Amino acid sequence: MTAPPPDSDQPPPRHAHGGHSARGLLRSTSVVSAMTLLSRVLGLVRDVVFARFFGATIVMDAFIVANRIPNMLRRFFAEGAFSQGFVPVMARYRERHEHAEARELIDAVAGTLGLALFVITAIGVVAAPLLVLAVAPGFVDENGRFDLATAMLRFTFPYLLFVSLTAFAGGVLNTYGRFGVPAFTPVILASAGAARMRAFDWNCPQHIPQRYTLAEIRRDPALLRELTAVAGGRRG
């Protein structure tokens, strides 16, 4: 007498990897949460350092406007709409295709995204006066703030290119289950901004209005580049 065939409707036995998945999810969540908390703390330190050295000056006003414009576009090309659309597609593609095919897709998307960002960055640098006029029209007749913000925007706009490619690489790492490095990049950004500001030596707290006039800043490209590089770690 033969044994009856097993019931095909019976659910398959549970495997031991369920516990590993739960632990991996908990570990990834803990890493991302810890890095986010650390980046917020360092961001606060950076803002305190900025307020200590720059204060409410014309340079800070101009830089806030110049930094706001690429950060608005960053929400489309970096951790905003693009990443939210790319990561799920990439995750499904990896499940259905070989590693070599997934790599070809990453290369193609990286090349297309990089080219598009390069063109947008070039347009943004050339059209900097129009962008500043659209975002801060009140700067036009305010003691040269418009010219200073325009000059700074030409230095800060390439930030969009690099931060978007960084976010793209972080999205690829996320699809492979690597969350630590993408979560750590804001920590690097905040700490670099604070460290660069501290390395920029000034003799008094209100250094900008006392040591340099707006006309001197506008006439000295090296000083303008230095001021912009110092503030380059700030994010909107």
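Located above this text is the structure these notes cover.
The sections below set out a description of the structure shown in this document.

Reading the values: the criteria
Residues numbered from 1 in each chain as written. Predicted model: local features only at pLDDT ≥ 70, side-chain atom pairs only at ≥ 80, totals over all residues. Heavy atoms only, no water. Helix = DSSP H or I, 4+ residues; strand = E, 2+ residues; numbered from the N terminus. Expected span 1.5 Å × (residues − 1). Buried < 20%, exposed > 50% of the residue type's maximum accessible area, 1.4 Å probe, protein only. Core = buried A, V, L, I, M, F, W, Y, C linked by side-chain atoms within 4.5 Å. Patch = residues over 30% accessible without salt bridge, like charges linked within 9 Å, V, L, I, M, F, W, Y side chains within 5 Å. Areas by Shrake-Rupley, 256 points an atom, 1.4 Å probe, with all protein chains shown as cover. Salt bridge = Lys/Arg side-chain N within 4 Å of Asp/Glu carboxyl O. Lys, Arg positive; Asp, Glu negative; His and termini not counted. Charge placed at Lys NZ, Arg CZ, Asp CG, Glu CD. Polar contact = N/O pair within 3.5 Å; in protein donor to acceptor, adjacent residues only side chain to side chain. Phe/Tyr/Trp six-rings, centres within 6.5 Å; stacked < 30°, edge-to-face > 60°. Lys NZ or Arg CZ within 6 Å of the ring centre and 35° of its normal.

Regarding the environment of Leu-37
Move 1: Structurally, the position occupied by Leu-37 is in helix α1 (residues 17-53).
Move 2: In this structure the C-alpha to C-alpha distance between Leu-37 and Val-187, which are 150 residues apart in sequence, comes to 9.2 Å.

Topic: helix α7 (residues 159-175)
Given 3.6 residues per helical turn, the α-helix brings residues three or four places apart onto the same face.
Move 1: Its 17 residues give α7 an end-to-end C-alpha distance of 24 Å, which sits within 8% of 24 Å, the value for a rise of 1.5 Å per residue.
Move 2: Taken together, the buried positions of α7 are occupied by Tyr-159, Leu-160, Leu-161, Val-163, Ser-164, Ala-167, Phe-168, Gly-170, Gly-171, Val-172 and Thr-175.
Move 3: Of the residues one or two after α7, Gly-177 is the one with positive phi, at around 80 degrees.

As for the nonpolar core
Move 1: Phe-86, Val-132, Phe-139, Met-152, Leu-153 and Phe-168 are the most contacted members of the largest nonpolar core, which has 30 residues in total.
Move 2: Counting only elements with at least two residues in this core, the list comes to α2 (58-77), α3 (81-96), α4 (99-126), α5 (128-135), α6 (145-156) and α7.
Move 3: Here this core gets 7 residues from one element, more than from any other, and that element is α2.

So, a negative patch on the surface
Move 1: Taken together, Glu-98, Glu-101, Glu-104 and Asp-107 make up a surface patch of like negative charges.
Move 2: By the secondary structure assignment, Glu-98 is in the loop between α3 and α4.

A word on α4
Move 1: The end-to-end C-alpha separation of α4 is 40 Å, in line with the 40 Å expected for 28 residues at 1.5 Å each.
Move 2: Considered for burial, the residues of α4 that qualify are Ala-102, Ile-106, Val-109, Leu-113, Gly-114, Leu-117, Thr-121 and Gly-124.

Some words on the environment of Arg-154
Move 1: The residue Arg-154 is located in helix α6 in this model.
Move 2: Separated by 29 residues in sequence, Arg-154 and Val-125 have C-alpha atoms that sit 4.9 Å apart.
Move 3: Of the polar contacts made by the side chain of Arg-154, one reaches the backbone oxygen of Val-125; its length is 3.0 Å.

A closer look at the packing of aromatic side chains
Move 1: Tallied over the full model, the rule gives 1 aromatic pair.
Move 2: Relative to Phe-168, the ring of Phe-86 lies with its centre 5.1 Å away and its plane at 45 degrees, an arrangement referred to as tilted. Of the two residues, Phe-86 sits in helix α3 while Phe-168 sits in helix α7, which places them 82 residues apart along the sequence. Just as Phe-86 is buried, Phe-168 falls in that class too.
Move 3: Arg-94 extends its terminal NZ or CZ atom over the ring of Tyr-176, reaching a point 3.9 Å from the ring centre.

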